[in-house]
Structure formats: C-alpha cells, structure tokens
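Structural description and commentary
For reference, the chains in residue letters:
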Amino acid sequence: MEDAAIAIEEVESALNFFDFSSGTNTTALQDTWTPLLLAATQGFSRNGLSLGGGGLVTYSGATQKYLQFSFIVSFIGPSQSRKYHVAMFKNGQLWPCSEFTVVTGSQQSEAAIPSQCVVPVSNGDTLQVYIKCSNNALSVTLDNANVIIMQF
C-alpha cells in the first residue's frame, strides 16, 4: 500500500481548463483586483489539482510541489484608453511574478494578455486568475481564456 501511495504522489500534477464561449462580464472599482468571471470547462485533471466554480483551482496532496501556471485571457472592454492587469493569485494573494498588463488605445476594445509563472503549492492551496483596471472602473466581457497548470 505504501508503495502504491508513493507512486501516485510521484505522478506529475496537471490541470487544463478553458472558456471559449460564455461571454461573462467582470466588473470592479478602479484599481481593485477581482476574480475573472468565467464558465470553466475542464479539459483534464491529474494528481491533486481540482477545478471549482469560477476557475478556482485547489491542490490537495501530501507533498509540496512546484507548478507552472500559464494562461492567456482575451476580453472586450470599453474603447477608451484603459490599463488592464491580469495575474494569478495564490490563496487570495497576488503572486507578483504572474502580473502582466496591456494598455488599450482609443480605437482598440479587445485585448489579450498571456502570463506564466512558477508557484509552490502545499495541501489546501488555491490558485485563481484575477483582473483589474488601474486607470478606470473595470468592465470587461470575456472573449476566451485558457489555463494550463503543470508540475515540473
């Protein structure tokens, strides 16, 4: 039994989820991080990573692991100039190396932001994609999102 448990823990953890069609709307006050609203469809999940509502990922495992958290988010917002930020949050806190931004022009209304980072996780840790607009109130409609999490 012990050998079987060790073998299961040694299998690399991985998770993929996406939203290519829900068109959910995310709103928030200026410069306020908020979870990106989406209707996540799970592509696959393996060894301790599970997907909850709204794209909340939970790790449940006996050992600490290091995960590569990669995502790309595309959304439609107001046509005025906006500075959008997306990032991965661990346990409700910004994971600094994951934050990326895009500034939209006066004629541009759709933006795509990719991100990737490495994050250590222990049993019970949660991961989620957040968004904010630092120079105006946030109001965006999700075009699509794809998240891939892999242990290395």
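Preceding this section is the structure that the text describes.
What comes next is a walk through the structure. Remember, predicted model here, so these are calculated numbers, not experimental data.

1. A word on the nonpolar core
One finds Phe69, Phe71, Val73, Phe75, Tyr84, Leu127 and Ile149 to be the most contacted residues of the largest nonpolar core, which totals 32 residues. Elements supplying a minimum of two residues to this core: β1 (14-19), β6 (57-59), β7 (65-76), β8 (82-90), β11 (110-121), β12 (126-133) and β13 (138-151). Tallying contributions element by element places β13 first for this core, with 6 residues. What Phe69 contacts, discounting residues up to four positions off in sequence, is Met88, Ser115, Gln116, Cys117, Leu127, Val129, Val147, Ile148 and Ile149.

2. Side note on the environment of Asn91
With respect to the helices and strands, Asn91 occurs in the loop between β8 and β9 (93-94). With a relative accessible area of 39%, Asn91 lands in the partly exposed category. C-alpha separation for the pair Asn91 and Leu56, spaced 35 residues apart in sequence, amounts to 9.9 Å. If we ignore the near neighbours within four places in the chain, the residues touching Asn91 are Gly124, Asp125 and Thr126. Here the side chain of Asn91 touches Asp125 through a polar contact of 2.9 Å, side chain to side chain.

3. Looking at the pattern of salt bridges
Across all of its chains, the model carries 2 salt bridges by this definition. Residues Asp125 and Lys90 are paired through a salt bridge, measuring 3.7 Å at the closest nitrogen-oxygen approach. Here Asp125 is found in the loop between β11 and β12, whereas its partner Lys90 is found in strand β8, with 35 residues between them in sequence. Each of the two residues, Asp125 as well as Lys90, counts as buried.

4. Thoughts on unusual backbone geometry
Of note, the phi angle at Asn47 is positive, near 55 degrees, even though the residue is not glycine. Mapped onto the secondary structure, Asn47 falls in the loop between β4 (41-46) and β5 (49-51). The exposure class of Asn47 is buried, given its relative accessible area of 16%. The residue Asn91 is not glycine, and still its phi comes out positive at about 50 degrees.

5. Overview of the packing of aromatic side chains
Following the criterion strictly, the structure yields 5 aromatic pairs and no others. Consider the rings of Phe75 and Tyr84, whose centres lie 4.9 Å apart with planes at 75 degrees: the pair is edge-to-face. Accessibility expressed as a relative area gives 1% for Phe75, which makes it buried. Consider the rings of Phe89 and Tyr130, whose centres lie 3.8 Å apart with planes at 10 degrees: the pair is stacked. Here Phe89 is found in strand β8, whereas its partner Tyr130 is found in strand β12, with 41 residues between them in sequence. Both residues of the pair, Phe89 and Tyr130, count as buried. Each member of the aromatic cluster is reached from another via a ring pair, and the members are Trp33, Phe89 and Tyr130.

Reading the values: the criteria
- Residues numbered from 1 in each chain as written.
- Predicted model: local features only at pLDDT ≥ 70, side-chain atom pairs only at ≥ 80, totals over all residues.
- Heavy atoms only, no water.
- Core = buried A, V, L, I, M, F, W, Y, C linked by side-chain atoms within 4.5 Å.
- Buried < 20%, exposed > 50% of the residue type's maximum accessible area, 1.4 Å probe, protein only.
- Helix = DSSP H or I, 4+ residues; strand = E, 2+ residues; numbered from the N terminus.
- Contact = heavy atoms within 4.5 Å.
- Polar contact = N/O pair within 3.5 Å; in protein donor to acceptor, adjacent residues only side chain to side chain.
- Salt bridge = Lys/Arg side-chain N within 4 Å of Asp/Glu carboxyl O.
- Phe/Tyr/Trp six-rings, centres within 6.5 Å; stacked < 30°, edge-to-face > 60°.

In short, shape yes, function no, at least from these values alone.
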